[in-house]
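The lines below spell out each chain.
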Amino acid sequence: MSEIYHISGLEHSHGGRLVLNVESLTVSGGEIAGITGPNGSGKSTLMAVMAFLLKPDLGRVRFLGRAVDFAEPSLRRQAVLLPQDPCLLRRTVWGNVSYGLSVRGLKDEGLVRRAMDMVGLDPQRFAKRWWWELSGGEIRRVGLAARLALSPEALLLDEPTANLDPESARLVRLAILAEVSGQQSAAVVISHDQQWLESFVTALYRLDPDQGLKTLY
Amino acid sequence: MRGTVFALFLVLAGCCELGQAQAQTPVLLMATTTSTEDTGLLPELAKAFQARTGIELRWVAVGTGKALEMGKACDADVLLVHAPGAERNFMDKGYGQSRREVMYNDFVVLGPASDPAGLKGQDVVKAMSTLAGKKAQFFSRGDNSGTHMAELALWKAAGLPVPDREAWYVSTGQGMLQTMSMAGERGGYCLADRGTFIKYEAGPQAKNLVILVEGAKELRNQYSVITLNPNKCPLVKSDLAQTFADWLVSPPGQEAVASFSLLGKQLFFPNAGQ
Amino acid sequence: MGFILEGLAKAVNLLASGDAETFSAVWATLLATGQAMAAALVLGLPLGFALGYFPFPGKRLCRLGFDTLMAFPTVVIGLLVYALLSRQGPLGGLNLLFTVPGMSLGLAVLALPMVVSLTASAVEQLDPRLRLALLTLGADTRQMLLSTLWEARHGVLAGTLAAFGRVVSEVGIAMMVGGNIKWHTRTITTAIALETGKGEFAMGLALGLVLLAMALTVNVVLALLRRRTGP
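Quick notes on the rules
- In every chain, residue numbers begin from 1 and rise along the written sequence.
- Numbering of ligands from 1 and lettering of chains from A proceed in the order in which they are written.
- Residue-level local features of this predicted model are given only where pLDDT is at least 70; pairs of side-chain atoms are given and counted only at 80 or more, and the full residue set underlies all totals for whole chains, interfaces and linings.
- Working definition: helices are DSSP H or I runs of at least four residues, strands are E runs of at least two. Numbering for both runs from the N terminus.
- In this treatment the radius of gyration is a C-alpha quantity, and the globule benchmark scales as 2.2 Å times the residue count to the 0.38 power.
- Throughout, a residue-residue contact means that the two C-beta atoms, derived from backbone geometry, are no farther apart than 7 Å.
- A residue is called partly exposed when the number of other C-beta atoms within 10 Å of its own lies between 12 and 20, exposed at 12 or fewer, and buried at 20 or more, with C-beta atoms placed from the backbone.
- Note: two strands are recorded as paired if DSSP finds a minimum of 2 bridges between them.
- Every angle, taken between N-to-C directions, lies between 0 and 180 degrees, and every axis is a line fitted to C-alpha atoms, over only the stretch in contact when it is a helix.
- It is the directions from the helix axis to the C-beta atoms that the arc portrays.
- Each residue after the first adds 1.5 Å to the expected span of a helix.
- We define the bend at any residue as the angle between the axes fitted to the seven residues before and including it, ending there, and the seven starting there.
- Under this scheme an angle from 65 to 115 degrees is roughly perpendicular, one under 35 degrees roughly parallel, and one over 145 degrees roughly antiparallel; angles in between are oblique.
- Two helices cross in a left-handed way if the nearer one is turned anticlockwise from the farther one by less than a right angle. They cross in a right-handed way if the turn is clockwise.
- The classification used treats Ala, Val, Leu, Ile, Met, Phe, Trp, Tyr, Cys and Pro as nonpolar, Asp, Glu, Lys and Arg as charged, and all other residues, Gly among them, as polar.
- Nonpolar cores are built from buried Ala, Val, Leu, Ile, Met, Phe, Trp, Tyr and Cys residues. These are joined into a set through C-beta atoms within 7 Å.
- Domain ranges listed in this record stem from an automatic or a database domain assignment.
- The pLDDT value expresses, per residue, how confident the predictor is, ranging between 0 and 100.

### Details of the overall build of chain A
(1) Moving on: Assigned secondary structure in chain A consists of seven helices and ten strands.
(2) Moving on: In summary, chain A has a C-alpha radius of gyration of 17 Å against a globular reference of 17 Å for 217 residues, a match within 12%.
(3) Moving on: Pairs at least 24 residues apart make up 72% of the contacts formed inside chain A by residues separated by at least 6 positions.

### Regarding the overall build of chain C
(1) Moving on: Looking only at helices and strands, chain C has eleven helices and zero strands in total.
(2) Moving on: Mapped from its N terminus to its C terminus, chain C presents α and β elements in the order α-α-α-α-α-α-α-α-α-α-α.
(3) Moving on: Projected onto its principal axes, the C-alpha coordinates of chain C cover approximately 65 × 45 × 25 Å.
(4) Moving on: Across the 231 residues that make up chain C, the buried fraction comes to 45%.

### Some details on the sheet that holds strand β7 (residues 154-158) of chain A
All names here are of chain A.
(1) Moving on: Pairing within the open sheet is mixed, and its six strands lie in the order β6-β7-β8-β3-β9-β10. Taken across any chain shown, the strands that pair with only one partner, and hence form the sheet edges, are β6 (79-82) and β10 (212-215). Neighbour-to-neighbour, the strand axes of this sheet turn through a mean angle of 20°, independent of strand direction.
(2) Moving on: Looking at chain direction, strand β3 (residues 32-36) and strand β8 (residues 186-190) are connected through four bridges and run parallel. Residue pairing for β8: G34 is matched across the bridge by V189.
(3) Moving on: In this fold helix α1 (residues 43-50) packs onto β3, β6, β7, β8 and β9 (203-208), with an angle of close to 155° to the strand it touches most, β7.

### Section: the environment of A153 of chain B
(1) Moving on: Structurally, A153 of chain B can be placed in helix α7 (residues 146-157).
(2) Moving on: On a C-alpha basis, the gap between A153 of chain B and V125 of chain B in space is 10.0 Å, while along the polypeptide they are 28 residues apart.

### Remarks on helix α3 (residues 109-118) of chain A
Residue and element names in this part refer to chain A.
(1) Moving on: Taken together, the buried positions of α3 are V112, A115, M116 and M118. Axial view of α3: buried residues confined to an arc of 160°, hence all on one face. Looking at α3, the residues exposed on the side facing more than 90 degrees away from the buried face are E109 and G110.
(2) Moving on: Considering only its buried residues, α3 is in contact with α2 (93-103), α4 (123-126), α5 (136-148) and α6 (166-180).

### Let's talk about helix α2 (residues 20-53) of chain C
(1) Moving on: Across its 34 residues, α2 of chain C extends 48 Å between first and last C-alpha, which sits within 8% of the 50 Å expected from 1.5 Å per residue.
(2) Moving on: If you look at α2 of chain C, its biggest bend is around 35°, right at G44 of chain C, and the proline P46 of chain C turns up within four residues after that.

### Quick look at the packing of α2 of chain A against α3 of chain A
Residue and element names in this part refer to chain A.
(1) Moving on: Following both chains from N to C, one finds α2 and α3 inclined at 120°, their axes separated by 10 Å at the closest point. Classified by the angle their axes make, α2 and α3 are oblique. As α2 packs across α3, the resulting crossing turns out to be right-handed. Two secondary-structure elements touch here, α2 through W94, V97, S98 and L101 and α3 through L111, V112, A115 and M116.
(2) Moving on: Looking at the contact of α2 with α3 residue by residue, the class counts come to seven nonpolar, one polar and no charged.

### Remarks on the interface of chain B and chain C
(1) Moving on: The partner chain C presents 24 residues to the 23 residues of chain B that form the contact.
(2) Moving on: Broken down by element, the side of chain B that touches chain C gets its largest block of residues, seven residues, from helix α1 (residues 2-23) of chain B.
(3) Moving on: The class makeup of the residues in the side of chain B that touches chain C is 13 nonpolar, seven polar and three charged.

### Things to note about the environment of L197 of chain A
Residues and elements named next belong to chain A.
(1) Moving on: Note on placement: L197 falls in helix α7 (residues 194-198).
(2) Moving on: Taking the C-alpha atoms as reference points, L197 and K43, 154 residues apart in sequence, are found 15 Å from one another.
(3) Moving on: With sequence-adjacent residues up to four places away left out, L197 is seen in contact with G34, T36, V189, S191 and L204.

### Structural notes on the nonpolar core
(1) Moving on: Membership of the largest hydrophobic core comes to 136 residues, with the highest contact counts inside it found for M30, L79, V109, L110 and F244 of chain B together with A40 and A111 of chain C.
(2) Moving on: No other element matches the 16 residues that helix α5 (residues 100-124) of chain C contributes to this core.
(3) Moving on: Each of domain 1 (2-104 + 221-270) and domain 2 (106-219) of chain B accounts for three or more of the residues forming this core.
(4) Moving on: Among all residues touching V109 of chain B, those that are not within four sequence positions of it are L119, V124, A127, Y189, L191, L212 and V213 of chain B.
(5) Moving on: With 68 residues, the next largest nonpolar core counts V27, V142, V172 and L207 of chain A among its residues.

### Structural notes on the interface of chain C and chain A
(1) Moving on: Facing 15 residues of chain C, the contacting portion of chain A comprises 20 residues.
(2) Moving on: Elements supplying a minimum of two residues to the side of chain C that touches chain A: α6 (130-136) and α7 (141-151) of chain C.
(3) Moving on: Looking at side-chain class alone, the side of chain C that touches chain A contains seven nonpolar, four polar and four charged residues.

### Some thoughts on the sheet that holds strand β4 (residues 58-63) of chain A
Residues and elements named next belong to chain A.
(1) Moving on: In space, the four strands of this open sheet follow the order β2-β1-β4-β5, with antiparallel pairing throughout. What marks the edges here is a single partner per strand, and that holds for β2 (17-28) and β5 (66-67).
(2) Moving on: Bridge count for strand β1 (residues 3-14) against β4 is five bridges, and the pairing is antiparallel. Bridging from a neighbouring strand, Y5 pairs with F63 of β4.
(3) Moving on: On the sheet, α1 packs against β1, β2 and β4 and is oriented at approximately 55° with respect to β2.

### Structural notes on the confidence of the model for chain C
Residues and elements named next belong to chain C.
(1) Moving on: This prediction gives chain C a mean pLDDT of 91; 100% of its residues lie at or above 70.
(2) Moving on: α5 holds the highest mean pLDDT among the elements of chain C, 96, whereas helix α1 (residues 2-16) holds the lowest, 85.
(3) Moving on: Across the interface, the model reports ipTM at 0.92; the global pTM reads 0.81.

### Notes on the arrangement of the chains
(1) Moving on: Out of two pairs of chains that touch, the pair holding the most contacts is chains B and C.
(2) Moving on: Here chain A and chain B are not in contact; the least distance found between their C-alpha atoms is 17 Å.

### Structural notes on the packing of helix α10 (residues 238-249) of chain B against helix α11 (residues 251-258) of chain B
All names here are of chain B.
(1) Moving on: One way to put it is that α10 packs onto α11 with a least axis distance of 4 Å and a crossing angle of 65°. Classified by the angle between their axes, α10 and α11 sit roughly perpendicular to one another. Facing α10, whose interface residues are W247, L248 and V249, α11 presents P252, G253 and Q254.
(2) Moving on: By residue class, the composition of the contact of α10 with α11 is four nonpolar, two polar and no charged.

### What to know about the pairing of β1 of chain A
If a strand is regular, its side chains alternate between the two faces of the sheet.
(1) Moving on: Of the pairings in the sheet, the one linking β1 of chain A to β2 of chain A comprises ten bridges and is antiparallel in character. Of the residues in β2 of chain A, the one forming a bridge with Y5 of chain A is V27 of chain A.

### A closer look at the pairing of β10 of chain A
All names here are of chain A.
(1) Moving on: Taken together, the four bridges between β9 and β10 define a ladder with antiparallel strand orientation. Its bridge partner being in β10, D208 is matched across the sheet by G212.
(2) Moving on: Here β9 folds back onto β10, and the loop between the two strands holds three residues.

### What about the environment of L121 of chain A?
(1) Moving on: By secondary structure assignment, the location of L121 of chain A is in the loop between α3 and α4.
(2) Moving on: Not counting residues within four places of it along the chain, the set of residues in contact with L121 of chain A comprises V93, M116, F126, E138, R141, V142 and A145 of chain A.

### Some words on unusual backbone geometry
All names here are of chain B.
(1) Moving on: Even without being glycine, K135 reaches a positive phi, approximately 50°.
(2) Moving on: Within the element layout of this structure, K135 appears in the loop between α6 (124-134) and β5 (138-140).
(3) Moving on: Judged by the 13 C-beta atoms lying within 10 Å of it, K135 falls in the partly exposed class.
(4) Moving on: Unlike most non-glycine residues, N144 shows phi in positive territory, near 65°.
(5) Moving on: If you trace the backbone, N144 turns up in the loop between β5 and α7.
(6) Moving on: Here N144 falls in the partly exposed class, since 19 other C-beta atoms lie within 10 Å of it.

Next up, the structure:
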């Protein structure tokens, strides 16, 4: 199994306060790592570092076996983050889901349709809908589909099921499983719902404000 | 993408217009009075001139005073104006290269048919005093045009100060037809050149104004063409201007002036070289 | 008041008969307005975008400046552009006074502050989460800027239409800088001013209706385009 992430000695402060403290974290291909913990423990900050959007004060991050240069823009296309409260673009559902592909110079209708199917949005019915014609749950699923379509080496999801109904949460879980299985990619999922995480992750961690990252299993 | 193409097209079209004007037909810009414009004389002159010389005449009708100012600023190539006093001043100061008399008509005092101030038939200088005495509403051009300067000369001849502050004196600051329109609407009096009045008579407001005073020597209206001093105005098209001035005072030009008529009446009388 | 009906009838007649003077004025209006809007957009969109998007010292002062310029009296713009283009002025050698490109310059000066200010507003009102969304989807800097501008397109379009409305109805600048030369720089608006001054109200109204038809056409086309890209 290939190594996707190897993180050691990670520390980051904000406004003079230590907000992130992770001694060590390894994520390998085919793994789904779940991270849970109370608010303010630095989970989103950790995600930002893993998506290469934020350079940490201290620590070493290796991605795909190589040391990470945070100034390198191409890495961002390999570790794709679905933020906690994603916003859609002012386009149709199809436009939103295909945007990531278009900025990479790719055009593949099959990938877009597959991504929509994975989140349970029937392309026939949803492709031409405008952003304002969607419910809250549908918006989230479109956000996820937009990132699934890119098949990144690392899929990072920050609270993907917050405010979602159980059926949609189930679809999200299935989509993550389908995305990671049989591929040399990995997923990292943050959720305050430890039970939901336990139902499908391969490794579970808990991030506490003072105690750092603890491996639960 | 399509928007950019369209935008470029428009910019190019504009540049083409510019380029065309400067590349093919030579263009002469004239600053002139509103009376020559309003009567419709200029398109006729322009047609005859272009047929003869191939030069396209364009003009801005701004009034004599402004035309002379434009001459000083070199914003026009040639002037056709009608205020001999101001013109002589202009020439004395060295702004013009040549000044030649071209044509004349006369001024008339207009007013409502009812003539409440009783001007009809009076001598023009006396009429000005009557207007002031009766405080009859009078509409002045107030724009430094040839007609305005003629009006000021009449107040002076009557020994009166210019009634600038009087309530009955309305300074419009606009062209001849506009001023006549206003006078007609409000039942007031005004001074106008006969040519523009004939044009007014042919329009929808004809019955509002009639000629009440005419014929005096003080009412003579002389038009002249002035070319600009190339030393002061190096960018001006002096050769084209000279061609125009020469043509205008020559028999064909004078004929074009004489043959212009409206409703069967001749508006301008050629008198070059007299 | 009969001139209103007369004007209506005349308007139809002018357009149907292909009256040369009217169409010359229509063309002058289209050319002057089109060139002015093109210049204002080419300069104003990037400027307005930068003003709304990037933080920099003095940003609020800049915004205030452009907002104030939006209300600049058009007759003063006409005066300044005339002085600029006059042969005595710094740009006199270009021979632009009393030409359509000269008018376009004045009209562009009129439109620019509106385009800048309203584009900046449109960009500022975007969802603050947009930047993160674009980043996570892998947009590079150039793609980020272009996509952000596209996201703001409705506000930008509204600003463009407002500027267009101001430009197409402008009389003072067109008159002063253009000179109202028949067949060349006589636009519909300056022609209306001329006809009104002569007392020819029906003609003036007819031209006004033609102008209205032009503005309506532009608005309809843009509304249809808008429909295809959103609400």
